[in-house]
Structure formats: C-alpha cells, structure tokens
Amino acid sequence: MKEQTRCRWANPKNPLYVRYHDEEWGVPVHDDQKLFEMLILESFQAGLSWECILNKREAFRSAFDDFDPEKVCGYGEEKLETLEQNPGIVRNKLKLRATVNNARIFRSIQQEWGSFDRYLWHWTQGNTIYETGKVSSELSDAVSRDLKCRGMKFVGTVIIYSYLQAVGVINSHEETCFCSPANRAKL
C-alpha cells in the first residue's frame, strides 16, 4: 500500500504526530472541553515545538483533570505547586498560572455567548477558512486582541493562529497532503 502524502511538518517517525495530523489537525471542533484543551496546549507550546507538547498530552490531561474548565477554574496555590513538580508536563510557572486565569475567562466567555464554540466560530460565521503558508492573519490578530482584552495570557496572534488551525477554524493542510480539502473531496 502506498504511503499517504502528508504535510511536511508531520514527523512520519512519531505515530502520535501522524495520528494528530491525519485525524485532528484542521478538523472542525465544536466541543467546549476539547476547545479548552487545545487552547491550553497551544498556550504551553509558546517557545516549544508542538511535537513536544503532543508527546506530553496524556500527562497534561491527567494533570489538568481532562481539561475540565470548571475544575481548572478552581485550582489554588496547592494545586499549582503540585503542577510545578509534575515532570510529565511543561512546568513553566507563568504558563501554569495563566492556565487557571484563562480557564476563568473561558468560563466567562461561555456564560456570555452560551458556549465557547459560539464565540470562536462567530469570527468566521461558522465557516472554515482554507489558507496555507501563514503563521498569523487578520483573523488571528482579531481573536488574539479580543482574548487579551478579556485578560487571557499566552494568546498572541501566532499562538491563536496555530490554535485556529488545530480546531479547524483554519484548514492549512498543504495542497499535496491527502487531508487538504481538494484531496479529501476526491476520496
């Protein structure tokens, strides 16, 4: 059987990365808990590689109560100190504290909009944008600016662009990739 052509960044030697590329990246997400998970993981990626974060994903899930935003909102100093000692995750104090802060703002957005999904997808009227070769855009600038105004941390335009790709608001699969919209239509 012929090997599928994937985006150049998908390390073929890492099964987690291949599965993430093939099954998750660029696929529209509408579940708030999954949207929260990806927002937090993307914020931890700042200054690191996505592959590093992906390899630690299960440890992150365990450490952050399966990314239940309500539980994360309730984290206090004792929990933060426990997280700072967890060798399975990225133990950056600023990012750990930002996670609790961001969970609270995530919850306030849910309360305002009815769900984080509604908030996020309103930026594109529910449509996925297809574009490649970018690390930021007017869309990621606008979402980043709004989240920062609400008080979120580690949500710069490059992180938000990556997040929008991860949750399918933006589909950036390369034209030659079997996951690109044109190639998916042929399947």
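Going by the structure above, here's the rest.
Notes on the structure follow. (Residues numbered from 1 in each chain as written. Predicted model: local features only at pLDDT ≥ 70, side-chain atom pairs only at ≥ 80, totals over all residues. Heavy atoms only, no water.)

Let's shift gears to the packing of helix α6 (residues 77-84) against helix α7 (residues 93-113). Packing of α6 against α7 brings their axes to within 10 Å, and their N-to-C directions diverge by 140°. The orientation of α6 relative to α7 falls into the category oblique. Crossing of α6 over α7 shows right-handed handedness. Each of Glu77, Leu80, Leu83 and Glu84 in α6 lies in contact with α7, whose residues at this interface are Lys93, Leu96, Arg97 and Val100. A per-class count over the contact of α6 with α7 returns four nonpolar, no polar and four charged. (Axes fitted to C-alpha atoms, helices over the stretch in contact; angles between N-to-C directions. Helix = DSSP H or I, 4+ residues; strand = E, 2+ residues; numbered from the N terminus. Parallel < 35°, antiparallel > 145°, perpendicular 65-115°, else oblique. Left-handed = near helix turned anticlockwise from the far one by under 90°. Contact = heavy atoms within 4.5 Å. Nonpolar A, V, L, I, M, F, W, Y, C, P; charged D, E, K, R; others polar.)

With that settled, consider helix α9 (residues 138-149). Helix length check: α9 (12 residues) gives 16 Å between terminal C-alpha atoms against 16 Å at 1.5 Å per residue, within 8%. Within α9, the full set of buried residues consists of Leu139, Ser140, Ala142, Val143, Ser144 and Leu147. In this structure, the buried residues of α9 make contact with α7, α8 (116-122), β1 (129-130), α10 (157-166) and β2 (170-171). One or two steps after α9, the chain reaches Gly151, where phi turns positive at roughly 110°. (Expected span 1.5 Å × (residues − 1). Buried < 20%, exposed > 50% of the residue type's maximum accessible area, 1.4 Å probe, protein only.)

As a further point, take the nonpolar core. Within the largest apolar cluster, 52 residues are counted, with the highest numbers of intra-cluster contacts made by Phe60, Phe64, Leu120 and Tyr163. A per-element tally of this core places helix α2 (residues 32-45) first, with seven residues. (Core = buried A, V, L, I, M, F, W, Y, C linked by side-chain atoms within 4.5 Å.)

Glancing now at the pattern of salt bridges. Tallying each qualifying case throughout the model produces 12 salt bridges. In this structure, Glu24 engages Lys34 in a salt bridge whose closest nitrogen and oxygen atoms are separated by 2.7 Å. Here Glu24, found in the loop between α1 (15-23) and α2, pairs with Lys34, found in helix α2; they are 10 residues apart in sequence, far enough to count as distant. Its relative accessible area of 22% is what places Glu24 among the partly exposed residues. One salt bridge in this structure joins Arg61 and Glu37, with 3.0 Å as the shortest N-O distance. Within this pair, whereas Arg61 is found in helix α4 (residues 57-63), its partner Glu37 is found in helix α2, the two being separated by 24 residues in sequence. (Salt bridge = Lys/Arg side-chain N within 4 Å of Asp/Glu carboxyl O.)

Applying the stated criterion across every chain, the model contains 14 aromatic pairs. Aromatic pair Trp9 and Tyr17: ring centres 5.3 Å apart, planes at 65°, arrangement edge-to-face. A relative accessible area of 28% means that Trp9 is categorised as partly exposed. Joined through ring pairs, the aromatic side chains of Phe36, Phe44, Phe60, Phe64, Phe67, Tyr75, Phe106, Trp113, Phe116, Tyr119 and Trp123 make up one cluster. Lying over the aromatic face of Tyr75, Lys79 brings its terminal NZ or CZ to 5.0 Å of the ring centre. (Phe/Tyr/Trp six-rings, centres within 6.5 Å; stacked < 30°, edge-to-face > 60°. Lys NZ or Arg CZ within 6 Å of the ring centre and 35° of its normal.)

On to the side chain of Gln45. Checked against the element boundaries, Gln45 lands in helix α2. What makes Gln45 buried here is its relative accessible area of 17%. Each residue touching Gln45, except ones within four places of it in the same chain, is listed here: Trp50, Ile53, Lys95 and Ser162.

Where α1 is concerned, the buried positions are Tyr17, Val18, Tyr20, His21 and Asp22. Contacts from the buried residues of α1 go to α2, α3 (50-55), α4, α10 and α11 (181-186). Where α1 starts, the residue carrying a side-chain oxygen 2.9 Å from the main-chain nitrogen of Leu16 turns out to be Asn14. (Polar contact = N/O pair within 3.5 Å; in protein donor to acceptor, adjacent residues only side chain to side chain.)

Here the focus is the layout of surface pockets. Its boundaries defined by the atoms lining it, the largest pocket holds a volume of some 440 Å³. Around the largest pocket, the lining is made up of 21 residues, and of these Trp25, Lys134, Val135, Ser162 and Gln165 lie nearest the centre. Ranked by the residues each element gives to the lining of the largest pocket, the list is headed by α10, at five residues. The calculated volume of the second largest pocket comes to roughly 170 Å³. For the second largest pocket, the full set of lining residues is Leu16, Arg19, Tyr20, Glu23, Glu24, Leu54, Asn55, Lys56, Arg57, Glu58 and Arg61. Elements that contribute at least two residues to the lining of the second largest pocket include exactly α1, α3 and α4. Ranked by residue count, the leading element in the lining of the second largest pocket is α1, at four residues. Classifying every residue of the lining of the second largest pocket gives three nonpolar, one polar and seven charged. (1 Å grid on protein atoms, 1.4 Å probe; cavity = no way out; pocket = protein on both sides within 12 Å on 5 of 7 lines; lining within 4 Å. Points joined across faces, edges and corners; volume = space filled by probe spheres on them.)

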